[in-house]
Amino acid sequence: MTKEQMVNELIEFEKENGNDMSGLYDFYYEPNYDSIRYEASGMAYQGDDSEAEYIGQTEDGVPVNF
């Protein structure tokens, strides 16, 4: 699965569980966990994977910068 597919699945999961994902979010790939994490845009990465990499941003649940 590509990172973009992982992001899209996470967005759909969040929307299905009541988070409309409105606003800006930064997405990070965590290779040690093979997972995606997101933070409110402008916030520092809060995870514990030292190898995490920024992969893009969404606006109101739509990828805009990947």
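The structure we're discussing is the one just above.
The shown structure was predicted, so the numbers you read here are calculated from the model rather than taken from an experiment.

A. Inspection of the overall build of the protein at higher detail. For the protein, the helix and strand inventory stands at one helix and four strands. The order of helices and strands in the protein, counted from the N terminus, is α-β-β-β-β. Relative to its length of 66 residues, the protein is compact, with a C-alpha radius of gyration of 11 Å against a globular reference of 11 Å. For the protein, buried positions account for 32% of its 66 residues. At a minimum sequence separation of 6, the contacts of the protein that also span at least 24 residues come to 38%.

B. Expanded view of the pairing of strand 3 (residues 53–59). When strand 1 (residues 24–30) meets strand 3, the two strands line up antiparallel, connected through six bridges. Bridged to F27 within strand 3 is G56. Pairing geometry for strand 3 and strand 4 (residues 62–65), over three bridges, is antiparallel. Bridge pairing links T58 to P63 in strand 4. Counted along the chain from strand 3 to the antiparallel partner strand 4, the turn is two residues long, and its residue D60 has a positive phi close to 55°.

C. Region of the structure containing helix 1 (residues 3–16). For helix 1, with 14 residues, the first-to-last C-alpha span of 20 Å sits near the 20 Å given by 1.5 Å per residue. Looking at helix 1, one finds that the buried residues are M6, V7, L10, I11 and E14. The arc that holds the buried residues of helix 1, viewed along the axis, is 135°, so those residues lie on one side. Residues of helix 1 that are buried sit in contact with strand 1, strand 2 (35–40) and strand 3. Directly beyond the C-terminal end of helix 1, a positive phi value near 95° is found at G18.

D. Fine view of the packing of aromatic side chains. If you walk through the whole model with that rule in mind, you get five aromatic pairs. Measuring from centroid to centroid gives 6.2 Å for F27 and F66, while their planes differ by 50°, and the two rings are tilted. With a gap of 39 residues between them, F27 in strand 1 and F66 in the segment after strand 4 connect regions that are remote in the sequence. Looking at F27, the relative accessible area reads 0%, which means it is buried. The rings of Y25, F27, Y38 and F66 are connected pair by pair, giving a single aromatic cluster.

About the criteria used
Residues numbered from 1 in each chain as written. Predicted model: local features only at pLDDT ≥ 70, side-chain atom pairs only at ≥ 80, totals over all residues. Heavy atoms only, no water. Helix = DSSP H or I, 4+ residues; strand = E, 2+ residues; numbered from the N terminus. Rg over C-alpha atoms; globule rule 2.2 N^0.38 Å. Buried < 20%, exposed > 50% of the residue type's maximum accessible area, 1.4 Å probe, protein only. Contact = heavy atoms within 4.5 Å. Pairing = 2+ DSSP bridges. Expected span 1.5 Å × (residues − 1). Arc of directions from axis to C-beta. Phe/Tyr/Trp six-rings, centres within 6.5 Å; stacked < 30°, edge-to-face > 60°.

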